Amino acid sequence: MKTIKYFAMLAAVAATALTSCNDAKFEPIENGIYIEQASTITGFAQQIQSKTVAGENVSVPVTIRLMRPAEEPIRVFIAADLQTLNEYNEAYGKNYQMLPEAYYTMKTEVTIAAGGTSANTDLVIPDGIPDGNFAIALRIAKVEGNISPAGNGNKIIYLLKSSNRQTAVKLKPYPNAKAGCLKTSLDMTLPQWTVEYWVNFEDNGAAGATKMAAAWDSAAAGTRPAESGGPGWRFYVFAREAQPIAGLSGMTFLFYPNGGEDKGPSMQFKFRGENIPSQLGSNLGGFLWVGNEWVHMAITYDSSTNIMKYYINGVEGTFSNNATEYDEIDTNPILWSSMTLGSVGSSAAHACENNLCMQMAQVRLWNRVLTDSDIADNMGSALAGDEAGLVGYWKLNEPAGSTTFKDSCLNGTPHDLTGSANGGITAVVDFSNPNATE
């Protein structure tokens with residue numbers, strides 16, 4: 001009975017409302033003004049756009065629009081809006097700075113003609129903005145005419161990213177890998193972490209070259225598949241237990257240039273450690289390897305859930321159990337004892353006597369688990385060094401002959417890498433598209 005009475009009451013209220021509407025005099029809707037590319041809703045959900053500035057000028061259309069046609073010409077003035085940017089930073093824990101006006105151009109006054117509903121201008125951002133977290137926040141600052149902003153649509157923020165263009169270090173230790181490692185002590189206990197980096201596995205050898213461990217690849221000439229390059233092919237990259245990244249206590253990331261033992265061409269990697277499930281020790285995952293191409297690697301771990309994930313070129317990888325995350329890993333303590341680049345297995349048979357041939361750039365260590373979008377959106381961009389959660393940041397863009405490689409992280413004490421980089425440096429690489437042929 002209560003339900004019937006409730007719906008009867010709603011019907012009565014609705015009938016009264018309809019009667020009132022029929023008796024009311026319709027008033028004209030007041031006009032309003034807004035930025036078409038923004039949203040009229042409250043908050044920042046759709047007030048934000050990301051723009052990458054890479055290689056050429058970026059032209060961003062900005063459309064000023066009325067809700068209904070103008071009765072007379074309407075002049076509109078647009079201005080930088082530091083207040084809104086500060087509010088966004090505070091609301092989301094960001095640290096974007098307003099891009100100085102010297103780095104962009106825009107016509108800040110537009111006129112909507114009588115009878116019209118919009119006027120356009122372009123925000124032009126030339127190539128070459130500074131590295132760091134920069135943004136351009138705009139607001140409709142003044143309107144000549146009795147017209148008010150429509151909701152929250154009178155402002156917009158463009159978050160800017162500059163593509164990362166830099167040289168990169170070539171790691172080719174000689175006469176042995178341990179003498180050539182780049183290393184620093186960290187001693188960081190990180191219950192959550194992400195490590196990411198760019199690496200290029202060089203292919204500088206030719207079939208028939210001297211092998212580092214003949215017992216590991218003893219096939220006679222002509223018996224290897226053509227795509228493998230012939231006997232000893234895998235050694236032209238580096239030793240089978242090479243470690244581009246090392247230093248995590250209780251866990252080792254091993255890279256095999258030919259898919260473990262005989263599955264090539266691929267670059268398999270797997271984990272080794274006292275707390276690593278045995279099935280991961282045999283095969284974690286891998287990706288198609290092409291010599292002299294840059295690859296972005298990222299691995300995340302959360303000790304509260306024991307979940308680990310890995311990403312290749314910003315795309316989440318699949319583990320040997322066909323899952324996209326692994327939840328049986330227990331590393332305790334979660335200690336990054338050091339950051340070491342360019343190591344190999346301790347066995348003499350795996351010693352890298354003359355081939356740890358790889359290039360590296362943009363090594364980043366975080367004390368949090370980066371999201372899929374964090375990794376994909378930022379892997380080709382430069383960082384300011386003060387991003388939330390960043391605890392180590394090695395650009396590896398020092399000139400040839402350098403033996404110290406700067407930690408550009410601004411959150412706490414920097415940990416510079418030291419060692420030999422006798423492989424020299426690369427030409428400048430644009431990491432927004434590092435394998436471009438033009």
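Here is a short report on the structure shown in this document. (Residues numbered from 1 in each chain as written. Predicted model: local features only at pLDDT ≥ 70, side-chain atom pairs only at ≥ 80, totals over all residues. Heavy atoms only, no water.)

1. Some remarks on the overall build of the protein
Each helix and strand in the protein was counted, giving 5 helices and 27 strands. For the protein, the proportion of its 438 residues judged to be buried stands at 47%. Carbon together with sulfur atoms contributes 50% to the accessible area of the protein, which is approximately 20,600 Å² in total. (Helix = DSSP H or I, 4+ residues; strand = E, 2+ residues; numbered from the N terminus. Buried < 20%, exposed > 50% of the residue type's maximum accessible area, 1.4 Å probe, protein only. Areas by Shrake-Rupley, 256 points an atom, 1.4 Å probe, with all protein chains shown as cover.)

2. So, the pairing of strand E14 (residues 182–189)
Only one face of E14 is buried: it carries Leu182, Thr184, Leu186 and Met188, and the other face, with Lys183, Ser185, Asp187 and Thr189, is open. Pairing between E14 and strand E22 (residues 335–343): 6 bridges, direction antiparallel. Each residue of the ladder has a partner; that of Ser185, found in E22, is Ser338. (Pairing = 2+ DSSP bridges.)

3. A few points about the packing of aromatic side chains
Using the criterion set out here, one finds 6 aromatic pairs in the structure. Judged by centre distance (6.3 Å) and plane angle (45 degrees), the ring pair of Tyr88 and Tyr96 falls under tilted. Here the two residues Tyr88 and Tyr96 agree in accessibility, since each one is buried. For the pair Trp193 and Trp336, a centre-to-centre distance of 5.3 Å together with 90 degrees between the ring planes defines the contact as edge-to-face. One end of the pair, Trp193, is in strand E15 (residues 192–201); the other, Trp336, is in strand E22, with 143 residues separating them in the sequence. As far as the burial class goes, Trp193 and Trp336 line up, both buried. Linked through ring pairs, Tyr88, Tyr92 and Tyr96 together constitute an aromatic cluster. (Phe/Tyr/Trp six-rings, centres within 6.5 Å; stacked < 30°, edge-to-face > 60°.)

4. Considerations on unusual backbone geometry
Comment: phi is negative for the bulk of residues other than glycine, and the bulk of peptide bonds are trans. Phi angles above zero are rare outside glycine, and Asp187 is one such case at about 55 degrees. Here Asp187 falls in the exposed class, since its relative accessible area comes to 54%. Unusually for a residue other than glycine, Leu396 sits at a positive phi of about 60 degrees.

5. Focus: the pairing of E22
Burial analysis of E22 places 7 of its 9 residues in the buried class, which makes it a mostly covered element. When strand E16 (residues 243–248) meets E22, the two strands line up antiparallel, connected through 4 bridges. Bridge pairing in E22 links Leu248 to Trp336.

6. Digging into the pattern of salt bridges
This structure, assessed with the given rule, holds 7 salt bridges. In this structure, Glu71 engages Arg68 in a salt bridge whose closest nitrogen and oxygen atoms are separated by 4.0 Å. One salt bridge connects Asp374 with Arg368, and the closest N-O pair in it is separated by 3.5 Å. (Salt bridge = Lys/Arg side-chain N within 4 Å of Asp/Glu carboxyl O.)

7. Observations regarding the nonpolar core
Counting 35 residues, the largest nonpolar core has Trp193, Trp336 and Met339 as the members making the most contacts within it. In terms of residue count, the dominant contributor to this core is E15 (5 residues). Among the nonpolar cores identified, the runner-up in size contains 30 residues, and Ile35, Val62, Val76 and Ile147 belong to it. (Core = buried A, V, L, I, M, F, W, Y, C linked by side-chain atoms within 4.5 Å.)

8. Some details on the side chain of His296
Relative to the elements of secondary structure, His296 occurs in strand E19 (residues 294–302). Here Glu196 takes part through its side chain, which lies 3.1 Å from a polar atom of the side chain of His296. In contact with His296, other than residues within four places in its own chain, are Glu196, Tyr197, Trp198, Tyr311, Ile312, Asn313, Ile375 and Met379. (Polar contact = N/O pair within 3.5 Å; in protein donor to acceptor, adjacent residues only side chain to side chain. Contact = heavy atoms within 4.5 Å.)

9. Points about the sheet that holds strand E3 (residues 58–66)
Read from one edge to the other, the open sheet built from 5 strands follows the order E6-E8-E3-E1-E10, with strand pairing classed as mixed. Whereas interior strands pair on both sides, the edge strands pair on one side only; in this sheet they are strand E6 (105–106) and strand E10 (148–149). Relative to strand E8 (residues 118–125), E6 runs antiparallel, the two being bridged by 2 bridges. Paired with Met106 across the bridge in E8 is Leu123.

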